[in-house]
Amino acid sequence: MGTSEVAVLDYGLGNLRSVVRGLEAAGARPKITNDPEIIQSADGLLLPGVGAFAEGMNKLAPLIDLVKKEAAKKPLLGICLGMQMLLEESEEHGLHKGLGFVPGTVRLFPKKPGMKIPQMGWNTISPSAHPLFEGIPDGTYVYFVHSYYADTTPEFTIAKTDYIVPYASAVGVGNVMGVQFHPEKSGDAGILILKNFVQMIE
Amino acid sequence: MGLTRRIIPCLDLKAGRVVKGVNFEGLRDAGDPVELASRYNEQGADEVVFLDIAASKDNRDTMIDVIGRAADQLFLPLTVGGGIRTVKDIQEILRAGADKVSLNTSAVKTPDVINEVSRLFGNQCIVLAEDVRRNYEMRDGVTPIHLADGRVCWYEVVIYGGSQRTGIDAVSWAQNGVERGAGEILLTSMETDGVKTGFDLEITAAISENVDVPVIASGGVGTLEHFYDGFVKGKADACLAASVFHYGEMTIRSVKEYLASRGVLVRL
């Protein structure tokens, strides 16, 4: 195991074991925590997440100020709902405020005949030249499960995917990054993306 | 480019070992689940399903151990089903490393579990597993399905491994489950399960057209063409199979190569 400690923010009830194993495979020392001291001392932060936006923000509420402060100093990666929470707001079950690192709104996929919601399964990403996607070619398959997508500007988009609409499947601003897909469920390509994140911490 | 159709191997487990029944009877042992899942992963499986077919309290700890070992070794989506009843069961399984749970009999018996679990953990982790059987006695309130042989029937939800009829219309139950928060439907037709004559295409298409969420076709695959028909005629988003993969009749890669050659988008 590597030396970089990644605080995996524990604010939910879902499967955190896979993300922890993914980070270990990427060479980091993950720690599932909601302890402010550990969050402060960690080298990087990971915001996991499945479930509903408002529920996620409510559970994260006691840590929001700390996460914002720490994200200015060290890399933060949001996954799935954790990525959506990086935006300003979400339309999931009413309008809810997000962390606001990335401008834009999280919106429900529009209905289209023959297209299922949620998008569930493997789709391709077109990454931009960003250190998170070092060695990840255009057209790499990764695993998605989501009904809502990030509607943001090209400036904050670091990977694009097409499902019903073209949308940002990864966002980034400075130290703060988020991926809509699950790198911990995306085989070797996913582990490489986590390795790139760990590289940015070291 | 775009969302691919999924091929999902299903591992039927009993006491932590893989078995596969023909029409859910006559079980045979086919090995260690984690080793088998790992082989499927190498072959290009898009997900893996573990189904505990002899679910009991004693089995639960064994199952949790299998899920944990699989989650530690495989970086792909994992669904677990069989005998799951309570929110606590589901939380344990998710914490052990599963991404989705499939609910079958318990969803029929206590449908509010779907609402509760989707609220707590999200719709994406609830798969509504429906076992269905044809019923030729038409009545009001059922969805008529026109079969290829010209007959008309409706499909009835069956529970306890197919041994008990419920009187519930399969299409309506799928819609009800989705409204309650199921994120996916796993449809197994008892008419075709285990007999390798192909998926039950009419009911698969009817359900796929009547719900917004993805539908997994299950039961009956025996040839490469059956997979193609499941996606194209059955309008399934994913196809699930067990014995054709376990006994090496075909590999997941060979299925995907065949589908790609016929224009179905798959991840190779």
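Residues numbered from 1 in each chain as written. Chains lettered and ligands numbered in written order. Predicted model: local features only at pLDDT ≥ 70, side-chain atom pairs only at ≥ 80, totals over all residues.

**Re the overall build of chain A**
Regarding its fold elements, chain A presents six helices and 13 strands. Against the compact-globule benchmark of 17 Å for 202 residues, chain A has a radius of gyration of 15 Å, which places it among compact chains. Counting only C-alpha atoms, chain A reaches 50 × 35 × 30 Å along its principal axes. Split into buried and exposed, the 202 residues of chain A put 56% on the buried side. For chain A, contacts bridging at least 24 residues in sequence account for 69% of all contacts bridging at least 6. (Helix = DSSP H or I, 4+ residues; strand = E, 2+ residues; numbered from the N terminus. Rg over C-alpha atoms; globule rule 2.2 N^0.38 Å. Buried ≥ 20, exposed ≤ 12 C-beta atoms within 10 Å, placed from the backbone. Contact = placed C-beta atoms within 7 Å.)

**Digging into the overall build of chain B**
A tally of helices and strands in chain B yields 10 helices and 13 strands. On C-alpha atoms alone, chain B measures out to a radius of gyration of 17 Å, which is about the 18 Å that the 2.2 N^0.38 rule sets for 268 residues. C-alpha extents for chain B along the principal axes are approximately 50 × 45 × 40 Å. Sequence-distant contacts in chain B: of pairs separated by 6 or more residues, those separated by 24 or more amount to 65%.

**A closer look at the interface of chain B and chain A**
On the chain A side, the residues contacting the 30 residues of chain B number 31 residues. Looking at the side of chain B that touches chain A, the elements with two or more residues in it are helix H2 (57-73), helix H3 (87-95) and helix H5 (112-121) of chain B. Among the elements that take part in the side of chain B that touches chain A, H3 of chain B stands out by supplying three residues, more than any other. When its residues are assigned to classes, the side of chain B that touches chain A shows 14 nonpolar, seven polar and nine charged. (Nonpolar A, V, L, I, M, F, W, Y, C, P; charged D, E, K, R; others polar.)

**Structural notes on the pairing of strand E11 (residues 157-163) of chain A**
Each regular strand displays side chains that alternate between the two surfaces of the sheet. Residue and element names in this part refer to chain A. Among the seven residues of E11, five are classified as buried, and the element is accordingly described as predominantly covered. Bridge count between strand E8 (residues 119-127) and E11: two bridges; the pairing is antiparallel. Bridge pairing in E11 places Pro127 opposite Ala159. As defined by bridge partners, E11 adjoins strand E12 (residues 165-173) across six bridges and the pair is classed as antiparallel. If you follow Tyr163 over to E12, its bridge partner there is Val165. With antiparallel pairing between neighbouring strands as the criterion, E11 and E12 make up a hairpin whose turn holds one residue, including Ile164 at a positive phi of roughly 65°. (Pairing = 2+ DSSP bridges.)

**Focus: the packing of helix H1 (residues 17-25) of chain A against helix H6 (residues 187-201) of chain A**
Residue and element names in this part refer to chain A. Packing of H1 against H6 brings their axes to within 8 Å, and their N-to-C directions diverge by 70°. When the axis of H1 is compared with that of H6, the two are roughly perpendicular. Crossing of H1 over H6 shows right-handed handedness. Across the interface between the two elements, Gly22, Leu23 and Ala25 from H1 touch Gly190, Ile191 and Leu194 from H6. For the contact of H1 with H6, the per-class residue count stands at four nonpolar, two polar and no charged. (Axes fitted to C-alpha atoms, helices over the stretch in contact; angles between N-to-C directions. Parallel < 35°, antiparallel > 145°, perpendicular 65-115°, else oblique. Left-handed = near helix turned anticlockwise from the far one by under 90°.)

**Notes on the nonpolar core**
Ile67, Ile185 and Cys239 of chain B are the most contacted members of the largest nonpolar core, which has 153 residues in total. Residue contributions to this core peak at six residues, all from H6 of chain A. Sequence-distant contacts of Ile67 of chain B, defined by excluding residues within four places in its chain, comprise Phe50, Leu78, Val80, Ile93, Ala96, Gly97 and Ala98 of chain B. (Core = buried A, V, L, I, M, F, W, Y, C linked by C-beta atoms within 7 Å.)

**Concerning the environment of Leu16 of chain A**
Residues and elements named next belong to chain A. With respect to the helices, strands and loops of the structure, Leu16 is situated in the loop between strand E1 (5-9) and H1. Between the alpha carbons of Leu16 and Ile32 there is a distance of 7.9 Å; along the sequence they are 16 residues apart. Excluding its chain neighbours within four sequence positions, the residues that come into contact with Leu16 are Val8, Asp10, Ile32 and Pro48.

**A few points about the packing of helix H6 (residues 170-180) of chain B against helix H7 (residues 201-210) of chain B**
All names here are of chain B. Across the interface, H6 lies against H7 with an axial gap of 10 Å and an inter-helix angle of 35°. You can see that H6 and H7 cross each other, and the crossing is right-handed. Contacts between H6 and H7 involve Ala170, Val171, Ala174 and Gln175 from the former and Ile203, Ala206, Ile207 and Asn210 from the latter. Tallied by class, residues from the contact of H6 with H7 come to six nonpolar, two polar and no charged.

**Things to note about the pairing of E8 of chain A**
Residues and elements named next belong to chain A. Among the nine residues that make up E8, eight are buried, leaving the element largely enclosed by the rest of the structure. Of the pairings in the sheet, the one linking E8 to strand E9 (residues 140-146) comprises seven bridges and is antiparallel in character. Note that in E9 the partner of Trp122 across the bridge is Tyr143.

**Brief notes about unusual backbone geometry**
Residue and element names in this part refer to chain A. With an omega of 10°, the peptide bond running from Ile117 to Pro118 counts as cis. Tracing the backbone shows Pro118 in the loop between strand E7 (102-108) and E8. Its identity is not glycine, yet Ile164 carries a phi of approximately 65°, on the positive side. Structurally, the position occupied by Ile164 is in the loop between E11 and E12.

**Things to note about helix H3 (residues 53-60) of chain A**
Residues lying three or four places apart along an α-helix face the same way, a consequence of the helix completing one turn every 3.6 residues. All names here are of chain A. Residues of H3 that are buried: Phe53, Glu55, Gly56 and Leu60. Taken around the axis of H3, the buried residues stretch over an arc of 165°, which confines them to a single face. Of the surrounding elements, those touching the buried residues of H3 are helix H4 (64-71), helix H5 (81-84), strand E5 (87-90), strand E6 (96-97) and E7. (Arc of directions from axis to C-beta.)

**Considering the environment of Gly150 of chain B**
Residues and elements named next belong to chain B. Tracing the backbone shows Gly150 in the loop between strand E8 (145-146) and strand E9 (152-159). On the basis of neighbour count, Gly150 is assigned to the exposed category, with 6 C-beta atoms found within 10 Å. Considering only alpha carbons, one finds Gly150 and Glu116, 34 residues apart in sequence, at a separation of 41 Å.

**What about the confidence of the model for chain B?**
All names here are of chain B. Residue-level pLDDT values for chain B average 91, and 94% of them are 70 or greater. Residue range residues 21-29 is modelled with pLDDT below 50. Its contacts to residues more than four positions away, or to other chains, number 15 contacts. Note on the complex model: pTM 0.94, ipTM 0.92. (pLDDT = per-residue confidence, 0-100.)

**So, H6 of chain A**
Along its 15 residues, H6 of chain A runs 22 Å from first to last C-alpha, staying within 8% of the 21 Å computed at 1.5 Å per residue. On its buried face, H6 of chain A is in contact with H1, strand E3 (44-47), strand E4 (76-79) and E9 of chain A. (Expected span 1.5 Å × (residues − 1).)

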